[in-house]
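Observations on the three-dimensional arrangement
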Amino acid sequence: MTANTMLRVKADEVEPIKSIKDIAKVKQYLIGKENKRDYMLFTVGINIGLRAGDLLSLKIKDIMQDGIIVDKVVIYEEKTDKKREFELNSSAKVAIRLYLDTINIVETNSYLFKSRKGEGALTVESAHKIIKTTLRELNIKGNYGTHSLRKTFAYHIYINNIRTNPTIVNTLQKMLNHSSASVTLRYIGITKEVISDVYNNLNL
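Parameters at a glance
- Residues numbered from 1 in each chain as written.
- Predicted model: local features only at pLDDT ≥ 70, side-chain atom pairs only at ≥ 80, totals over all residues.
- Heavy atoms only, no water.
- Buried < 20%, exposed > 50% of the residue type's maximum accessible area, 1.4 Å probe, protein only.
- Helix = DSSP H or I, 4+ residues; strand = E, 2+ residues; numbered from the N terminus.
- Pairing = 2+ DSSP bridges.
- Expected span 1.5 Å × (residues − 1).
- Arc of directions from axis to C-beta.
- Contact = heavy atoms within 4.5 Å.
- Polar contact = N/O pair within 3.5 Å; in protein donor to acceptor, adjacent residues only side chain to side chain.
- Core = buried A, V, L, I, M, F, W, Y, C linked by side-chain atoms within 4.5 Å.

**As for the pairing of strand β4 (residues 83-87)**
Of the two faces of β4, the one lined by Arg 84 and Phe 86 is fully buried and the one lined by Lys 83, Glu 85 and Glu 87 carries no buried residue. In the sheet, strand β3 (residues 72-76) pairs with β4 via five bridges, with the strands oriented antiparallel. Across the sheet, Val 74 pairs through a bridge with Glu 85, a residue of β4. In textbook terms, the turn of a hairpin is the stretch between consecutive antiparallel strands, and for β3 and β4 this stretch comprises six residues, one of which, Asp 81, has a positive phi near 60 degrees.

In structure tokens:
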């Protein structure tokens with residue numbers, strides 16, 4: 001089995017980080033590190049929901065113009081070759097700026113998530129190990145990896161919006177480029193029990 005095949009299998013197995021407290025714990029841990037790249041990886045990853053390959057392919061010129069971090073980013077997805085636009089919210093911008101302020105930007109064509117070995121981008125395999133190792137060190141139970149970032153993004157959009165906007169599943173389906181809403185729900189770990197809890201906790 002190749003490394004890419006193994007990562008695809010892992011993508012199906014890994015979970016979103018459902019607890020806001022656990023997300024805060026990861027952020028606190030990563031921001032405490034001297035190198036802020038991994039904090040940026042985690043924070044940007046859970047706030048924009050790109051596939052790992054597309055996330056790690058971002059270059060400084062994609063997210064910054066004339067020294068200012070842009071509001072909207074346009075890329076072409078590696079897997080589908082489709083144009084994708086997404087917004088950088090304040091959390092993502094702060095994480096990016098925190099990192100950029102610690103490095104000497106020589107060339108805006110450089111990768112945003114640069115490998116510590118040479119000038120290339122951080123690999124999906126390395127990013128997977130960073131996420132998996134971090135959550136294990138923090139004793140956060142579950143199976144996590146790079147794909148958890150995208151799943152966490154989608155899971156919290158669902159949970160935060162489903163009560164007031166039942167069509168959010170269809171929006172997520174389009175954002176994630178899934179074939180059906182049921183695939184999207186399964187992807188982000190929304191079971192019948194979770195749906196039942198959402199409605200039972202409403203009590204308007």
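From this point on, the discussion continues.
**Topic: helix α2 (residues 20-31)**
For α2, with twelve residues, the first-to-last C-alpha span of 16 Å sits near the 16 Å given by 1.5 Å per residue. Within α2, the full set of buried residues consists of Asp 22, Ile 23, Val 26 and Leu 30. Summarising the axial view, the buried residues of α2 lie within an arc of 105 degrees, below the 170-degree limit, and thus occupy one face. In α2, the exposed positions that point more than 90 degrees away from the buried face belong to Ile 20, Lys 21 and Gln 28. Residues of α2 that are buried sit in contact with α3 (37-48), α7 (124-137) and α8 (147-161). You can read the cap of α2 off the contacts: a side-chain oxygen lies 3.2 Å from the backbone nitrogen of Lys 21, and it is on Ser 19.

**Comments concerning the environment of Ile 168**
With respect to the helices and strands, the residue Ile 168 is situated in helix α9 (residues 168-176). Considering only alpha carbons, one finds Ile 168 and Ile 157, eleven residues apart in sequence, at a separation of 8.0 Å. Residues in contact with Ile 168, not counting those within four places in the same chain, are Ile 157, Tyr 158, Asn 161 and Ile 162.

**Regarding the side chain of Thr 134**
Tracing the backbone shows Thr 134 in helix α7. Given the relative accessible area of 5%, Thr 134 is considered buried. Leaving out residues up to four positions away in the same chain, Thr 134 has contacts with Val 26, Tyr 29 and Leu 30.

**Some thoughts on the nonpolar core**
In terms of nonpolar packing, the biggest core is built from 40 residues, with Leu 41, Leu 58, Leu 88 and Phe 113 touching the most fellow members. Among the secondary structure elements, those contributing two or more residues to this core are α2, α3, α4 (52-56), α5 (60-63), β3, α6 (90-100) and α7. Among the elements that line this core, the one with the most residues is α3, at seven residues. Judged by nonpolar contacts, the second largest core, of 14 residues, contains Tyr 155, Ile 157, Leu 185 and Ile 190.

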